[in-house]
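Each chain, written out:
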Amino acid sequence: MIRRIVWTSIGAALIVAGITVAWTQTQPWRIGHGAMWFHRGPMGYVAHELDLSDTQRLQIKSIWAGERPNVAELVQEFANEQKEMDALTFEGAPDEGKMQEIAARQGVTFAKLFAEKEKLESKIYSQVLNPAQRAKADELRKHLNWRLDEIANRIDNSTGTR
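Every value quoted in this text rests on a predicted model; they were computed, and no experiment measured them.

Engineer: Can you tell me about the pattern of salt bridges, naming the residues and giving the values?
Structural biologist: The final tally for this structure, using the stated rule, is ten salt bridges. Among the salt bridges present, the one from Arg-105 reaches Glu-84, with a minimum N-O distance of 2.7 Å. Of the two residues, Arg-105 sits in helix α4 (residues 96–127) while Glu-84 sits in helix α3 (residues 54–89), which places them 21 residues apart along the sequence. In this structure, Glu-116 and Lys-119 form a salt bridge, with 3.7 Å as the shortest nitrogen-oxygen distance. A residue pair is termed a helical-turn pair when its members lie 3 or 4 positions apart in one helix, as Glu-116 and Lys-119 do in helix α4 at three residues. The exposure class assigned to Glu-116 is buried, which follows from its relative accessible area of 14%. When its relative accessible area of 36% is taken as the criterion, Lys-119 is described as partly exposed. When salt bridges that share partners are traced, they join Glu-67, Glu-116, Lys-119 and Lys-123 into one network.

Okay, here's the thing in structure tokens:
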């Protein structure tokens, strides 16, 4: 009787293992929660959607190399301001005036960062993309704006209960 249970268990385990292997062979590989090309960095999705050529990717890398020092400096500045804010927030009773001053500086830094982002996007849009890719980029931009509106509406309409 024990021999029959052991062989049945081994047979069931082999069947489950076979089904699992067969199933994984039919599924696309995923990194994290996205499709395979998401692992190529934050622009992987956009590069995939716009079907960028290798030449265009090199042009974008070149443009990014020129803008990287400015962006890095602004990100570092923002990080330092955030450290100041954290130190102020967690030291007890924070000074409202000091918090407002740091927040105002962060706002200016954030605005500069967004201006750099728009400058970079503008260069890529005008110098790298062909007309078909520009149309697709416009669609992606509209979809992003729609998604942001949806998120804002969801936050606005949420009751705070889950």
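After that view of the structure, there is still more to cover.
Engineer: Summarise the environment of Met-99; cite the residues concerned and give the values.
Structural biologist: In this structure, Met-99 sits in helix α4. Residue classification places Met-99 among the partly exposed residues on the basis of a relative accessible area of 21%. In the structure, Met-99 is positioned eleven residues away from Leu-88 in sequence and 7.4 Å away in space, judged by C-alpha atoms. Once residues lying within four places of it in the same chain are set aside, the contact partners of Met-99 are Met-85, Leu-88 and Pro-94.

Engineer: Could you give me a rundown of the packing of aromatic side chains, with the residues and numbers involved?
Structural biologist: In this structure the tally under the stated criterion is two aromatic pairs. With 5.5 Å between their ring centres and 40° between their planes, Phe-78 and Phe-110 make a pair best called tilted. Here Phe-78, found in helix α3, pairs with Phe-110, found in helix α4; they are 32 residues apart in sequence, far enough to count as distant. Given a relative accessible area of 39%, Phe-110 falls into the partly exposed group. Consider the rings of Phe-110 and Phe-114, whose centres lie 4.8 Å apart with planes at 75°: the pair is edge-to-face. Here the residue Phe-110 and the residue Phe-114 both occupy positions in helix α4, the gap between them amounting to four residues, near one helical turn. Three or more aromatic residues joined by ring pairs make a cluster, and in this case those are Phe-78, Phe-110 and Phe-114. Across the ring face of Tyr-125, the terminal group of Arg-134 is positioned such that the distance to the ring centre comes to 5.8 Å.

Scoring rules and cut-offs
Residues numbered from 1 in each chain as written. Predicted model: local features only at pLDDT ≥ 70, side-chain atom pairs only at ≥ 80, totals over all residues. Heavy atoms only, no water. Salt bridge = Lys/Arg side-chain N within 4 Å of Asp/Glu carboxyl O. Helix = DSSP H or I, 4+ residues; strand = E, 2+ residues; numbered from the N terminus. Buried < 20%, exposed > 50% of the residue type's maximum accessible area, 1.4 Å probe, protein only. Contact = heavy atoms within 4.5 Å. Phe/Tyr/Trp six-rings, centres within 6.5 Å; stacked < 30°, edge-to-face > 60°. Lys NZ or Arg CZ within 6 Å of the ring centre and 35° of its normal.

Function cannot be inferred from these measures alone, as they are strictly geometric.
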